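# Results of the structural survey
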Amino acid sequence: MNNPGRSGPKSAAAPLISDIIRLKRKTQAVILTHNYQPPVLFEIADFIGDSLELARRAAEASAPLIVFCGVKFMAETAKILSPEARVILPEPKAGCQMADMITGAALRMKREELDPVTVVAYVNTPADVKAESDICCTSANAVRVVNSVASDRRILFVPDKNLARYVARETRRDIVPWEGHCYVHAFFTAADVARARKEHPDAVVVSHPECPLEVLDASDHVASTGGMVRLAAEHPRMVLGTESSMCSRILRDHPDNRCWPLRRTAVCKNMKMTTLAKVKAALQGQVPEVTLPADVAERARAAIDRMMALS
Ligand code: 13P
Ligand code: SF4
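Residues numbered from 1 in each chain as written. Chains lettered and ligands numbered in written order. Predicted model: local features only at pLDDT ≥ 70, side-chain atom pairs only at ≥ 80, totals over all residues. Heavy atoms only, no water.

## Thoughts on the packing of aromatic side chains
- Per the stated rule, a full pass over the model turns up zero aromatic pairs.
- Lying across the ring of Phe-47, Arg-57 places its NZ or CZ 4.2 Å from the centre.
- Over the ring of Phe-42 we find Arg-249; its NZ or CZ atom is 5.9 Å from the centre of that ring. (Phe/Tyr/Trp six-rings, centres within 6.5 Å; stacked < 30°, edge-to-face > 60°. Lys NZ or Arg CZ within 6 Å of the ring centre and 35° of its normal.)

## Describing the nonpolar core
- Counting residues in each nonpolar core, the largest one holds 82 residues, and the members touching the most others are Val-120, Phe-157, Leu-240, Ile-250 and Met-307.
- Top contributing element to this core by residue count: helix α13 (residues 294-310), with seven residues.
- Among all residues touching Leu-240, those that are not within four sequence positions of it are Val-206, Met-228, Met-246, Cys-247, Ile-250, Cys-259, Trp-260, Pro-261 and Leu-262.
- In terms of nonpolar packing, the next biggest core, distinct from the first, is built from 16 residues, Val-67, Cys-69, Ala-282 and Leu-283 among them. (Core = buried A, V, L, I, M, F, W, Y, C linked by side-chain atoms within 4.5 Å. Buried < 20%, exposed > 50% of the residue type's maximum accessible area, 1.4 Å probe, protein only. Helix = DSSP H or I, 4+ residues; strand = E, 2+ residues; numbered from the N terminus. Contact = heavy atoms within 4.5 Å.)

## Side note on the site of ligand 1
- His-34, Tyr-36, Asp-50, Ser-51, Asn-124, Ser-139, His-185, His-208, Glu-210, Ser-224 and Thr-225 make up every residue found near ligand 1.
- Taking Asn-124, its side chain carries an N or O atom lying 3.2 Å from an oxygen atom of ligand 1.
- Residue Glu-210 places a side-chain N or O atom 3.0 Å away from an oxygen atom belonging to ligand 1.
- In isolation ligand 1 has 300 Å² of accessible area, and contact with the protein removes 95% of it.
- Along the lines of polarity and charge, the residues of the shell around ligand 1 split into one nonpolar, eight polar and two charged. (Near = heavy atom within 4 Å. Polar contact = N/O pair within 3.5 Å; in protein donor to acceptor, adjacent residues only side chain to side chain. Areas by Shrake-Rupley, 256 points an atom, 1.4 Å probe, with all protein chains shown as cover. Nonpolar A, V, L, I, M, F, W, Y, C, P; charged D, E, K, R; others polar.)

## Brief notes about the state of the cysteines
- Tallying each qualifying case throughout the model produces one disulfide.
- Here Cys-247 engages in a disulfide with Cys-259; their sulfurs sit 2.3 Å apart. On the sign convention where negative means left-handed, the S-S torsion of about -65° between Cys-247 and Cys-259 marks this disulfide as left-handed. With a gap of 12 residues between them, Cys-247 in helix α11 (residues 246-253) and Cys-259 in strand β12 (residues 258-261) connect regions that are remote in the sequence. Neither residue differs from the other here; Cys-247 and Cys-259 are each classed as buried.
- Cys-137 supplies the cysteine sulfur nearest to Cys-136, a cysteine that is in no disulfide, at a spacing of 7.5 Å. (Disulfide = S-S within 2.5 Å.)

## Examining helix α1 (residues 14-27)
- Counted at 1.5 Å a residue, the expected span for α1 with its 14 residues is 20 Å, and the 20 Å between its end C-alpha atoms agrees.
- Within α1, the full set of buried residues consists of Ala-14, Ile-17, Ile-20, Leu-23, Lys-24 and Thr-27.
- Those residues of α1 that are buried are in contact with β1 (29-34), β3 (65-69) and α12 (276-285).
- Gln-28 sits one or two residues past α1 and shows a positive phi near 55°. (Expected span 1.5 Å × (residues − 1).)

## Section: the environment of Gly-226
- With respect to the secondary-structure elements, Gly-226 resides in helix α10 (residues 225-231).
- In this structure, the C-alpha to C-alpha distance between Gly-226 and Ile-48, residues 178 residues apart in sequence, is 9.0 Å.
- Not counting the four nearest positions on each side in its chain, Gly-226 is found in contact with Asn-35, Asp-50 and Glu-53.

## Thoughts on the site of ligand 2
- As a structural note, the neighbourhood of ligand 2 is formed by Tyr-36, Cys-96, Gln-97, Asn-124, Cys-182, Tyr-183, Val-184, Glu-210, Cys-268 and Met-271.
- Of the residues in the shell around ligand 2, the class split is seven nonpolar, two polar and one charged.

And the structure:
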């Protein structure tokens, strides 16, 4: 256990939490949990992190069973990196709207149109899109990944246009963006940042690179969700331009900090589909299992491995 829940089981949730911990021991499962999950799920997590940190944990896991508290593309990545394990996504409908803005077939067509081009795929993609890509990246390493591509290569960056624009600016590379976006981050504005600065003048503003460039430029720092947790050690007052429950994640590790979401209404509905009851059922039945066609998993793994080799 690396960063398990801090506080003990609480009130109504306590019996479910105890049941899950007992089932986890019995099945030798490891529970990987994304930073945006409902805070009560932190109580049963073996590790809580961002996409890259969770991918690393999945790759290192020797457990026969991985329960993934997050969304589908993250559970698929865990399955690709830990093929021997049975990977369970407690709520199979927990997808990612950005990941649904691209398909493997659509990418193949675009790639043919732009050929020659190097395809960099954000991990927020279905496995068949990763399989059509040259290298993956996450919000934590996108700049480094793009800098690793040979300087004479044009890059097609999928599917997030905002992350693509940020990375193009940081690397000065010729990047063709796919026209996808995250509905939680894409509608923040520089006016939101100005208002937050007025309301909390001594707080630093940290924004996720899925936000539009004008928001990133108005912020003090740009960071993945894992980067936000690390920045909280130095900055006791923060405004976060990301999913609004991220402040609960910060306060779990830094209870004396103050944290405000850039907008309270910025909620990822899919991330909130996981519940303790669903995790308990998933451990009991060891379903619903994440499965992928072997050839897709193999080709997607090559793109993920190239990323993992860099970081
Ligand atoms: P992180 O990898 O920064 O946690 O981002 C995942 C995500 O889906 C952000 O919307
Ligand atoms: Fe996908 Fe946006 Fe939710 Fe992240 S916050 S999982 S990018 S829909």
